[in-house]
Structures are given as structure tokens and as C-alpha cells.
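Chain by chain, the residues run as shown.
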Amino acid sequence: MPVVRNLGRAASQLLQSWGCGCGVSIVPVRCIGVSPRQVASDASFHSVTFSESDHPRVLITGGLGQLGVGLAKLLRKRFGKNNVILSDIRKPADNVFYSGPFIFADILDYKNLREIVVNNRITWLFHYSALLSAVGEANVPLARAVNITGLHNVLDIAAEHNLRLFIPSTIGAFGPTSPRDPAPDLCIQRPRTIYGVSKVHAELMGEYYHYRYGLDFRCLRYPGIISADSQPGGGTTDYAVKIFHDAIKTGKFKCYLRPDTRLPMMYIDDCLKATLEVMEAPAESLTMRTYNINAMSFSPEELAQEVQKYVPELQVTYKVDQVRQAIADSWPMNFDDSNARRDWGWKHDYDLPELVTTMFSYLGSDSRIAQAN
Ligand SMILES: NC(=O)c1ccc[n+]([C@@H]2O[C@H](COP(=O)([O-])OP(=O)(O)OC[C@H]3O[C@@H](n4cnc5c(N)ncnc54)[C@H](O)[C@@H]3O)[C@@H](O)[C@H]2O)c1
Ligand SMILES: C[C@@H](O)[C@H](N)C(=O)O
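Because the structure is predicted, anything quoted here is derived from the model rather than measured. (Residues numbered from 1 in each chain as written. Chains lettered and ligands numbered in written order. Predicted model: local features only at pLDDT ≥ 70, side-chain atom pairs only at ≥ 80, totals over all residues. Heavy atoms only, no water.)

## Brief notes about the environment of aspartate 181
What counts is decided by this rule: Put simply, DSSP H or I for four residues or longer makes a helix, DSSP E for two residues or longer makes a strand, and each gets a number counted from the N terminus. Between two residues, a contact is recorded if the distance between any of their heavy atoms is within 4.5 Å. A 3.5 Å cut-off defines polar contacts: any pair of N or O atoms within that distance qualifies, except that in protein one atom must be a possible hydrogen donor and the other a possible acceptor, and neighbouring residues in sequence count only when both atoms are side-chain atoms.
By the element assignment, aspartate 181 lies in the loop between β5 (164-170) and α7 (194-213). Distance from aspartate 181 to proline 332, taken between C-alpha atoms, is 6.3 Å for residues 151 residues apart in sequence. Setting aside its immediate chain neighbours within four residues, aspartate 181 contacts Met333 and Asn334. Within the local environment of aspartate 181, its side chain forms a polar contact with the side chain of asparagine 334, the two groups lying 2.6 Å apart.

## Describing the nonpolar core
Going by this rule: To qualify as a nonpolar core, a set must consist of buried Ala, Val, Leu, Ile, Met, Phe, Trp, Tyr and Cys residues joined through side-chain atoms within 4.5 Å. Burial classification: accessible surface area is computed with a 1.4 Å probe over protein chains only, and a residue below 20% of its type maximum counts as buried, one above 50% as exposed, and the rest as partly exposed.
Ranked by size, the top nonpolar core spans 73 residues in total, and within it Ile60, Tyr239, Phe298, Leu303 and Trp344 carry the most contacts. One finds Ile122, Leu125, Ala158 and Ala202 within the second-largest nonpolar core, a separate group that totals 29 residues.

## Digging into the layout of surface pockets
Selection criterion: Space inside and on the surface of the protein is sampled on a 1 Å grid over the protein atoms alone, with a cavity defined as a set of points where a 1.4 Å probe fits but cannot get out and a pocket as an open set with protein on both sides within 12 Å along at least 5 of 7 lines; lining residues have an atom within 4 Å of a point. Grid points are joined across faces, edges and corners, and a volume is the space filled by probe spheres set on the points. Side-chain classes are defined by residue name, with Ala, Val, Leu, Ile, Met, Phe, Trp, Tyr, Cys and Pro counting as nonpolar, Asp, Glu, Lys and Arg as charged, and the others, Gly among them, as polar.
Of the voids in this model, the largest pocket is the one considered here, and its volume is about 900 Å³. Lining the largest pocket are 40 residues, with Tyr128, Ser129, Ala130, Leu131 and Leu132 sitting closest to its centre. In terms of residue count, the dominant contributor to the lining of the largest pocket is β5 (three residues). What the second largest pocket holds in volume is close to 700 Å³. Taken together, 28 residues form the lining of the second largest pocket, with Val69, Gly70, Lys73, Asp229 and Leu272 sitting closest to its centre. Broken down by secondary-structure element, the contributors of at least two residues to the lining of the second largest pocket are α2 (68-79), α3 (94-97) and α9 (268-280). Tallying contributions element by element places α2 first for the lining of the second largest pocket, with seven residues. The residue inventory of the lining of the second largest pocket, partitioned by class, reads 13 nonpolar, seven polar and eight charged.

## A word on the packing of helix α4 (residues 110-119) against helix α6 (residues 140-160)
This is how it is decided: Axis definition: a line fitted to C-alpha atoms, limited for helices to the stretch in contact. Angles are taken between N-to-C directions and run from 0 to 180 degrees. Rotating anticlockwise by less than a right angle from the far helix to the near helix defines a left-handed crossing, while the corresponding clockwise rotation defines a right-handed one.
The contact between α4 and α6 brings their axes to 10 Å, and the two run at 35°. Both α4 and α6 take part in a crossing whose hand is right-handed. Where α4 approaches α6, its residues Tyr110, Leu113, Arg114 and Val117 are matched on the opposing element by Asn153, Val154, Asp156, Ile157 and Glu160. Residue composition of the contact of α4 with α6, grouped by class: five nonpolar, one polar and three charged.

## Focus on unusual backbone geometry
In the segment running from aspartate 181 into proline 182, the intervening peptide bond is cis, with an omega of 5°. The residue proline 182 is located in the loop between β5 and α7 in this model. Unlike most non-glycine residues, asparagine 162 shows phi in positive territory, near 60°. Along the chain, the position of asparagine 162 falls in the loop between α6 and β5.

## Description of the site of ligand 1
Basically, it comes down to this: Here a residue counts as near a molecule or strand whenever at least one of its heavy atoms sits within 4 Å of it. Per-residue and other accessible areas follow the Shrake-Rupley method at a 1.4 Å probe size, with only the shown protein chains counted as cover for residues. The rule for placing a molecule in a cavity or pocket is simple: more than half of its atoms must lie within 2 Å of the grid points.
In the region of ligand 1, 26 residues are neighbours, and Gln66, Asp88, Arg90, Tyr195 and Ile225 sit closest. A distance of 2.8 Å separates a nitrogen atom of ligand 1 from a polar atom in the side chain of glutamine 66. Contact between ligand 1 and aspartate 106: a nitrogen atom at 2.9 Å from a side-chain N or O atom of the residue. Here ligand 1, which alone exposes 830 Å², has 93% of that area covered by the protein. Judged by the proximity of its atoms to the pocket grid, ligand 1 belongs to the largest pocket. Of the residues belonging to the shell around ligand 1, the class tally is 14 nonpolar, eight polar and four charged.

## Describing the sheet that holds strand β7 (residues 224-226)
Which entries qualify depends on this criterion: A strand pair is defined by DSSP finding two or more bridges across the two strands.
Taken in spatial order, the three strands make up an open sheet running β7-β9-β11, and their pairing is mixed. The open sheet has two free edges, formed respectively by β7 and β11 (296-298), since each of these has just one partner strand. Pairwise comparison of adjacent strand axes, ignoring direction, gives a mean angle of 45° for this sheet. One ladder, built from three bridges, connects β7 with strand β9 (residues 263-267); its direction is parallel. If you follow isoleucine 226 over to β9, its bridge partner there is tyrosine 267.

## Points about the packing of aromatic side chains
Pairs of aromatic rings are described using the distance from one ring centre to the other and the angle between the two planes. How we decide: For Phe, Tyr and Trp, where Trp contributes only its six-membered ring, two rings pair if their centres lie within 6.5 Å, and the inter-plane angle classes them as stacked under 30 degrees, edge-to-face over 60, or tilted in between.
The tally for this structure, following the rule as stated, stands at 17 aromatic pairs. Pairing tyrosine 239 with tyrosine 256 gives two aromatic rings, centres 6.3 Å apart and planes at 90°, and the pair type is edge-to-face. Of this pair, tyrosine 239 sits in helix α8 (residues 239-249) while tyrosine 256 sits in the loop between β8 (252-255) and β9, and the two are 17 residues apart along the sequence. Residue classification places tyrosine 239 among the buried positions, given a relative accessible area of 1%. Under the relative-accessibility criterion, tyrosine 256 is labelled buried at 10%. Ring plane angle 50° and centroid distance 4.5 Å describe the contact between tyrosine 267 and tyrosine 350, whose orientation is recorded as tilted. Here tyrosine 267 is found in strand β9, whereas its partner tyrosine 350 is found in the loop between α12 (338-344) and α13 (352-363), with 83 residues between them in sequence. The class for tyrosine 350 is buried, based on a relative accessible area of 18%. An aromatic cluster is built from Phe79, Trp124, Phe126, Tyr128, Phe166 and Tyr222, whose rings are joined through pairwise contacts.

Now the structure itself:
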């Protein structure tokens, strides 16, 4: 990449000629004062020897949402409990708090985030903090702060400390002018939500830092994710989780999307498996830094039919929420993930029937559930 290298050199020379007081570095180190909290309270532990090279030291931001706790569980199984730190700005439930290291981390607090990375000698960062599509539209300034300013903090810290950085993107990074059936990896992306705009920004900034500073940035565009033991955080695809809970609890489900609204979806185990796989993939196998991943596509009426095999008396009604319907109508109906399958061997395990069986087996056999088999 001679052009990129020359660009870097030229920019570096320009900065030197400006005489920036903080010294010129190839990575975007910020000129900030020393945080008093940077003096590690456990500094003496730093001389303890342990097999540093064996496992990454992982930090997960925004880890108390729908996906983070499951990711921590998977990574702890692989890398050891104490090598994976879960963080968020919320208070963890007892079972999460006692299952492994947890720390407060507000991604808008640059110094604190940097201190956490330094003091814990973090090498891999999974950046999960975000405001999702529907809650983002309800509070654009906050979504802009968390999804864009927070992202800038994470990118700078990752570049400065040479981290491998995973940032999830989404089907929401596409818009009404993108091809929708299927959406390929590379095409027009003009989303109409602050969530989507911030995710396109994250994709582009991550790739820019990769080419400009050598940041090991890896990104997957997730479909709507369905999980049994964690609740979604305010997205457009949440109906596909709620239907299971409502089927069991009340036998009635009111859907906020039209019955024929088709969207790409995935069971959480597939999503987390893909995330670990792309992070472990040899760099030379990655021909891109942002990949679509897919498993299935369905509409509310198709999901309801499958759920009714377990809860035949389930009554489904439709009361369209215009905001979420407009968002869904602008997103892909299908996702082309052939590059992920080719480059690093992505393969999903769950299609719609397995997804529904697994959800009901997790959510328990309530009296409402007809024993289908
Ligand atoms: N769940 C899905 O269907 C889905 C699909 C595509 C992409 N993603 C992406 O995956 C990631 C995780 O998604 P999720 O469903 O777990 O999200 P979620 O909304 O359930 O959780 C996000 C977490 O971010 C935290 N957060 C908010 N502001 C913060 C701040 N200032 N500092 C630190 N943390 C903060 C919240 O407390 C919350 O726990 C997100 O980046 C999301 O965009 C999710
Ligand atoms: C698709 C995804 O990014 C999220 N579940 C949302 O609906 O906002």
C-alpha cells in the first residue's frame, strides 16, 4: 500500500512542521493530562509472571446488554475467567457480578477507559456499547454521543495501545437505496437512522484506522439477534424475542411490524461464535475488515406459524408502529454473507426450526406449551 504509506509519511511531516507539543506519533495519541487514577492501585502485581502470550486480555464495553454477558461466558470458557473483563455503566445482576471480573466503564470518559486498558493490560477489545435503532431515534443527541463520540474514544485507545478491536455493525447500516434482497458487503449505504449512520461511521473509521495506523480492526454486520436469557435493548427486531415470552406468559402477542416484514435474523449462539471466529482468524485470511454474516430471514407471520407449532393457541395481532416499520422497510430483507463463508469459513448452525425449538427448550416447558413431539 505505497499510497497509504506515503500519505501517512506526508501527514506525519506536516504535523512535525506544526510543532505539536505532544510529540508526533503515527498513532493518534491524544494530548491529555495524566489521570490521577492512572496510578495503578495494584501496581505491584505487574511483576507477577503469568503466561501473557497464551491468552488475550479482553475488555467488553456495554457488556450488560442483550449480547455482552453471553459473549463474556464464551470468551471466559476459551481464555480463562480472569482474562475477560465485562464492563458497563449499569449495575450488574448478582449472577453476572459473581461470574467473573466486572468493572464500571463509561465509554464517554476517555481517561477512565484508557486507564482500564492500561491497568489491566488489555489486548483485545469488544466494543458493544451502543444505542440501538428504536431508542436511538427516541434520543438522537444521546445516540450521537454514545455511538459516535464513544466510538472515537475507543478507536484512539485501541490504536494507541495496539489492541485488536471488534466493533459490531448491523443490517441497520443499510438504507432504502441499498440492494435489499440480498444486501452484499459492498454497496450503497445511506441509512436513515442515527443508529445506522453511526454504524456506517464506525465501519469507515475502523477501516481507515486499519489502513492509516495499522489498527487490527474487525467488524461483523449482525442481523437481528434472538436470545432466550437476555432482553434486547430497544431495536426494531425485538419483536422476534418478545413473541416467545408472550406466547409462554399470556398466549397473546401484539406485533408492531406488518406480518410480511422480512428481515435477516440469527440465534445468539451463532452470532457469538462468528464474533470469536473472526477475532481468531489469521489476518491474512481477511480480505476485508467488515463482513456481513447471516443465518436466516423471516417475517413476523412466518415466525408466528413456527411458534404456533409449540403454542397452538397463540393469538397474534398486528398494530403497526410507524417508526419501527419505516426502519424495517429500509433494511435488507436478506443478507449476502458469501465473503465471510469464503474467507474465514463462517457457517451458521441455527435455521428457523432449530431457533424456535432452542428458544422453547431454554424458556422452559410451561403449561401453555403443547408438547409438539
Ligand atoms: N442485539 C442485536 O440484535 C444487534 C444486532 C446488530 C448489531 N448489534 C450490536 O451489538 C452491540 C451489542 O448489542 P446489544 O443488543 O447487546 O445492545 P444493548 O442495547 O442490549 O446493550 C448496549 C449496552 O451499552 C451500554 N451503554 C450505553 N451507554 C454507555 C456508555 N456511555 N458507556 C458504556 N456503556 C454504555 C448500555 O448500558 C447497554 O448495556 C451493539 O453495538 C449493537 O449495535 C446488536
Ligand atoms: C438489527 C439490530 O441492529 C438491532 N437489533 C436493532 O433492531 O436495532
